[in-house]
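Chain by chain, the residues run as shown.
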Amino acid sequence: MARPHARLTVLSGPSGVGKGTVVAEVRRRHPEVWVSVSATTRKPRPGEVDGEHYWFVDDAFFDDLIAKGGLLEWAEYAGNRYGTPKDPVDEQLRAGSPALLEIELQGARQVRERAPEAQLVFLAPPSWAALVSRLAGRGTEHPEVQERRLALAQAELDAAGEFDVVVVNDDVARAADELVRLLTAPPPAGP
Ligand SMILES: Nc1ncnc2c1ncn2[C@@H]1O[C@H](COP(=O)(O)OP(=O)(O)OP(=O)(O)O)[C@@H](O)[C@H]1O
Ligand SMILES: Nc1nc2c(ncn2[C@@H]2O[C@H](COP(=O)(O)O)[C@@H](O)[C@H]2O)c(=O)[nH]1
């Protein structure tokens, strides 16, 4: 991989589009890519490891993180809260290394406000039917939670135009190629 630029990149997109799958493929090829580990009040899914997939915390701990200004961004999404711990991202960027966040739309908007130089990438499904089938096929949420996530997905798809780049996840390897290219692209020249 060409040496990536010390830039903050956000990958967003509706639940089930394949963000985690594409990021895992990028990391399989390039283990050096640093991805932020979010804090969440959601309960772990089978196989999810604390400190690897998320920091699984309770509401009081999450409240404390907010109060201490410890989160770069945070949002309530489908009944749970999720946030990006600020210090590890700052350390990464200060060291001249790139940082990748995998977060939902409200969080992406907060990053745009707080770090306008960040690169915002939207991962889109090839079709609505593919999104529905991926979310159902993953089988990690009850049907009513899937419905809730799909209702949010409609609004997220409508916001794709707010992002710098839209990558269609029609094929994991191809989408990962594109994300690697974006992670290594030099930032646009300033005014
Ligand atoms: N290009 C693809 N073609 C077919 N299936 C895919 C593709 N990308 C991902 N999937 C499948 O779609 C499902 C959802 O993927 P994944 O969990 O990565 O989505 P996500 O966007 O990270 O979801 P969430 O936001 O809910 O965490 C998984 O079962 C995954 O294997
Ligand atoms: N705003 C934030 N969104 C986040 C963060 N970490 C994950 N997410 C997004 O939440 C939804 C649901 O995730 P799931 O693991 O329960 O399926 C998904 O869109 C994630 O990308 C975060 O730190 N901030």
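Residues numbered from 1 in each chain as written. Chains lettered and ligands numbered in written order. Predicted model: local features only at pLDDT ≥ 70, side-chain atom pairs only at ≥ 80, totals over all residues.

The protein chain appears in an unreviewed UniProt entry as Guanylate kinase from Modestobacter italicus. According to UniProt, the comment filed for the protein chain under the heading Sequence similarities (unreviewed entry) is "Belongs to the guanylate kinase family." One UniProt comment on the protein chain, placed under Subcellular location (unreviewed entry), says "Cytoplasm". (UniProt positions renumbered as here; feature names shortened; annotations may be inferred.)

Moving on, we come to the environment of Arg 134. Its location among the elements puts Arg 134 in helix α5 (residues 128–138). Residues Arg 134 and Glu 113, 21 residues apart in the sequence, show an inter-C-alpha distance of 31 Å. (Helix = DSSP H or I, 4+ residues; strand = E, 2+ residues; numbered from the N terminus.)

Among the 14 residues in the neighbourhood of ligand 1, the closest are listed as Ser 15, Gly 18, Gly 20, Thr 21 and Arg 134. For the shell around ligand 1, the secondary-structure elements that each account for two or more residues are α1 (19–29) and α5. Looking at the shell around ligand 1 residue by residue, the classes come out as two nonpolar, eight polar and four charged. (Near = placed C-beta within 6 Å. Nonpolar A, V, L, I, M, F, W, Y, C, P; charged D, E, K, R; others polar.)

This part takes up the sheet that holds strand β3 (residues 55–56). Paired through their backbone hydrogen bonds, the strands of a sheet run either parallel or antiparallel. The strand order across the open sheet formed by four strands is β3-β2-β5-β4, and the pairing between neighbours is mixed. The sheet is open, and its two edges are formed by β3 and β4 (71–77), each paired on a single side. Note that strand β2 (residues 39–40) and strand β5 (residues 80–85) share two bridges and pair antiparallel. By the bridge assignment for β5, Ala 39 is matched with Gly 83. On the sheet, helix α2 (residues 59–67) packs against β2, β4 and β5 and is oriented at approximately 140° with respect to β4. Running over the sheet, helix α4 (residues 105–114) touches β4 and β5 and is turned about 155° from β4. (Pairing = 2+ DSSP bridges. Contact = placed C-beta atoms within 7 Å. Axes fitted to C-alpha atoms, helices over the stretch in contact; angles between N-to-C directions.)

Moving on, we get to the site of ligand 2. Close contacts around ligand 2 come from 16 residues, with Ser 38, Tyr 82, Ile 103, Glu 104 and Gly 107 the closest. Of all elements in the fold, only β4, β5 and α4 reach the threshold of two or more residues within the shell around ligand 2. Broken down by element, the shell around ligand 2 gets its largest block of residues, four residues, from β4. The class makeup of the residues in the shell around ligand 2 is five nonpolar, six polar and five charged.

What follows covers the sheet that holds strand β7 (residues 119–124). If you walk across this open sheet you meet the four strands as β6-β1-β7-β8, and the pairing is parallel. A single partner strand is all that each edge strand has here, and the edge strands are β6 (99–102) and β8 (165–168). Here the strands of the sheet are splayed against their neighbours by 25° on average, with no regard to which way each runs. Relative to β7, strand β1 (residues 8–12) runs parallel, the two being bridged by four bridges. Bridge pairing in β7 links Ser 12 to Phe 122. Packing against the sheet, α1 makes contact with β1, β6 and β7, and its axis sits at approximately 155° to β6.

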